[in-house]
Amino acid sequence: MTARDLWQAFSRADRDPDALALGDLTRRTAVDRVTELARRLRAQGVRPAQPVGLQGPNRPEWVLGLLALIAADACPLLLPADSPPAETHRLLRTADARRTLVVDPDGADWAVLTGESEGADRGLAGGETGSEPPAHAPGTLLLASSGSTGTPKVVARSPRSVLDEGVRYHRAGLARPDDRVLVPLPLSHAYALGWLAGALVAGAHVDPVPPRAVGAVHARLRERATVLVTVPGLARVLARRRALADDAPFPALRRVMAGAGYVDAELDALWTRTLGVGVSRNFGSSETGAVLWGEPGLPSGAVGRPMPGVRVDLLDPEGRPLPGSGAAQGELAVVLEDGSTHRLHDLADRDEHGVHRILGRARRGVVRRGARWVSTMEVESVLRTAPGVADLSVTATGPDDSDDQGLTVEYVPADPELAAPRRLQAYARAELAAYKVPDSFQPRYRLRRSAVGKAQAAPVYRLAAARPDTPAEQVLAAALAELGLPPLLAGGAAAADLARTAGLRADVLSPVLDTACALGLLATDSDSAGPPDAGVYPPDVVLAGRALAARVRGDAADEGPRPPAAPAGPPPPDEGLRAAVAGLLAEAAVDGTPLEIGDGGVPQSADAEYGACVVVGGVHGPAARLGSLAALLKPKGLLVVADTFVSDPLTLTDETSRTTVVRWLVDGHLHWWTVQELRAGLEAVGLRVEEIRAAEQAPYTILTARKTS
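First things first, this report covers the structure right here in the doc. Predicted model, so just to flag it, every value in this text is computed and none were measured.

Each helix and strand counted, the protein chain has 22 helices and 31 strands in total. Buried positions account for 54% of the 709 residues belonging to the protein chain. Taking all contacts inside the protein chain whose residues are at least 6 apart in sequence as the whole, residues at least 24 apart take part in 66%.

Here it is as structure tokens:
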């Protein structure tokens, strides 16, 4: 490539200016908009090598913003759209970025530069740049990476490094000039950025859509997308979506690439069987970009051979490359096009054909019983298939240099009895060699994950300065005070440490603390303020706070008088919603009379198999055991759920969601807050989700699922 950076690669004069390049934008239109925005950024004081944050949804305009910052010689800091404000501010401080380009495709001005210029901060005038040299060369991309610990950090990628990665994709034939590359992933992530670079270098059409936008993915596949870039979790959801399966095969789709996660043979077979295209694999790091890739049909955990231009070595424990290119096992290291060497801190084995299989992080790899390596990702992949497991994460415990580390499983059960720890342990013993069986199985209500599905480290919570004004905030503040947590939170503490110190249930405490963060009462930022002034709350708020505190302690909170509804929860289902459910059942031609289940859970007398079950306004309740619901259905029986949900329990932006979530906490409704969580839970008990639709009767959503035959 003769281009200097992604902008020059995209704006090459030999490309067809009238061909679609970004979403619905032609190359000519995209180049004009980037040129104009770059001119405006310079006029607003953006200087060469200045770090500038870039934040916005996964839309073509985000790519335009990236290219404009590169064209203006700035250093774009790619901010994850799902980061809470505290994390965003921390990343901006780490990169010394004082300004942010906020992309809003639906706004009056689609790209707005916020913050003050460096010149304004330092009293500079005109073209002065100050005495301090820039930290990075112009056009350097700054990526937020979780690293090996889950703690966000900033990784710098030079313009040449990003361009070299794009060339790898092009030379490997993964991105071609005639491709339409569909990217339903956060573009700020290194994996998605690499594919974006490959498509721009190849001159392909790039179509970014919001993460997990399953409907948009379906529409683009029908419009003849040729390459789908995804992650294993989303790939499973897509392959099980009825609309995609019914429309398969998609004649133009030639490749499905799943990276940033463990791809097993079951997922590959599911795609091949359902949509006619197997799953390719991709592997790399934030520092190096993609370095390994493989065709469909590889064994579980395998990621293939080196990409063009990259040399991959396996290192022995002393850090020396193992000789030869045959079967071996060691730590991955790569030599890139510029001659730089990078140790990736991942353990891998290589077979006699040169195919690499990732075992796990070197700092999380487990040496047990006879110095045998155990892959945490392999254990995760096996245990995910256990009955009733909706989500799961496996981590190593003990010192990194120990030769006998332990394994701990944290998981979300779809049904507390179906996926009890003893049952999951028995499943592990039946499916895994003895030295791979974890030592501890810990049920959780929710696992914290990034937008690409990576497990995130447990946060440290601190008191924030927000004053609890609304009833929802006051209930949570009263509960925290009742539990005696404010003094413990003053210096910061994780949920597990708080639970151990105060004798509380960690699994119930975690969603309470996350909700307090979403409402601004707590923060995970190291610079958070001290405790707010304690308020005097109305009696009903105090009672609700005490009820919530009792649940966190593990007391029998359901005994005695029920606290008043403070704050008010979602409105009760009305006749319009019930009529919509009845119409849906009529369309499905249900065999027999449907069983209706409310907040009280499954009736004790309901021991027959039904053609359909209806849950209206009760799926969040503590009695809504999904395994029990599935057991009531005949083979191919239909489950209809009509209930309220929130989009994200960690970022509650509207007052309705805030009061709804706090009401759920007070009532003990700790499961299935989002549609995605409920989908995973239903699939874990053998149901296939067929349709999710917003009901006309706000704020309800209607979800239908069918029992497999």
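Here we take up the packing of helix α18 (residues 539–553) against helix α21 (residues 655–667). Taken N-terminus to C-terminus, the directions of α18 and α21 make an angle of 60 degrees; their axes are 8 Å apart at the nearest point. Of the possible angle classes, the one that applies to α18 and α21 is oblique. Contacts from A544, A547, L548 and R551 in α18 reach L665, V666 and D667 in α21. Considered class by class, the residues forming the contact of α18 with α21 number 5 nonpolar, no polar and 2 charged.

Here 6 strands make up an open sheet; going across it, the order is β6-β5-β3-β4-β7-β8 and the pairing mixed. The sheet is open, and its two edges are formed by β6 (111–115) and β8 (153–157), each paired on a single side. Within the sheet, the average angular offset between the axes of one strand and its neighbour, ignoring direction, is 30 degrees.

Of all the 10 residues making up helix α22 (residues 675–684), 8 are buried; the element is thus mostly covered by neighbouring parts of the structure. On its buried face, α22 sits against α9 (232–240), β22 (389–397), α20 (626–632), β29 (633–644), β30 (687–694) and β31 (700–707). Just past α22, the residue G686 takes up positive phi, approximately 90 degrees.

Let us now look at the environment of Q329. Along the polypeptide, Q329 turns up in strand β17 (residues 328–335). Sequence-wise, Q329 and D316 are 13 residues apart; in three dimensions their C-alpha atoms are separated by 8.0 Å.

F10, L41, L66, L101, W195 and W271 are the most contacted members of the largest nonpolar core, which totals 91 residues. Of the residues forming this core, the biggest block, 11 residues, is contributed by helix α7 (residues 190–202). L101 has contacts with L37, L41, V52, G53, L54, Q55, G65, L69, A111, V112 and L113, leaving out every residue within four places of it along the chain. Listed in part, the 43 residues of the second largest apolar core include Y445, L480, V508 and L509.

For Q44, the position within the fold is in the loop between α2 (27–43) and β3 (51–55). Residues Q44 and L113 lie 69 residues apart in sequence; the distance between their C-alpha atoms is 8.2 Å. Dropping the residues within four chain positions of it, Q44 is found in contact with R99 and L113.

Okay, empty space enclosed by the protein next. Evaluated as defined, the whole model comprises 4 cavities of 30 Å³ or more. Of the voids in this model, the second largest cavity is the one considered here, and its volume is about 50 Å³. Together, R180, H205, D207, R220, E223, R224 and A225 line the second largest cavity. Split by residue class, the lining of the second largest cavity holds 1 nonpolar, 1 polar and 5 charged.

Definitions and limits used
Residues numbered from 1 in each chain as written. Predicted model: local features only at pLDDT ≥ 70, side-chain atom pairs only at ≥ 80, totals over all residues. Heavy atoms only, no water. Helix = DSSP H or I, 4+ residues; strand = E, 2+ residues; numbered from the N terminus. Buried < 20%, exposed > 50% of the residue type's maximum accessible area, 1.4 Å probe, protein only. Contact = heavy atoms within 4.5 Å. Axes fitted to C-alpha atoms, helices over the stretch in contact; angles between N-to-C directions. Parallel < 35°, antiparallel > 145°, perpendicular 65-115°, else oblique. Nonpolar A, V, L, I, M, F, W, Y, C, P; charged D, E, K, R; others polar. Pairing = 2+ DSSP bridges. Core = buried A, V, L, I, M, F, W, Y, C linked by side-chain atoms within 4.5 Å. 1 Å grid on protein atoms, 1.4 Å probe; cavity = no way out; pocket = protein on both sides within 12 Å on 5 of 7 lines; lining within 4 Å. Points joined across faces, edges and corners; volume = space filled by probe spheres on them.

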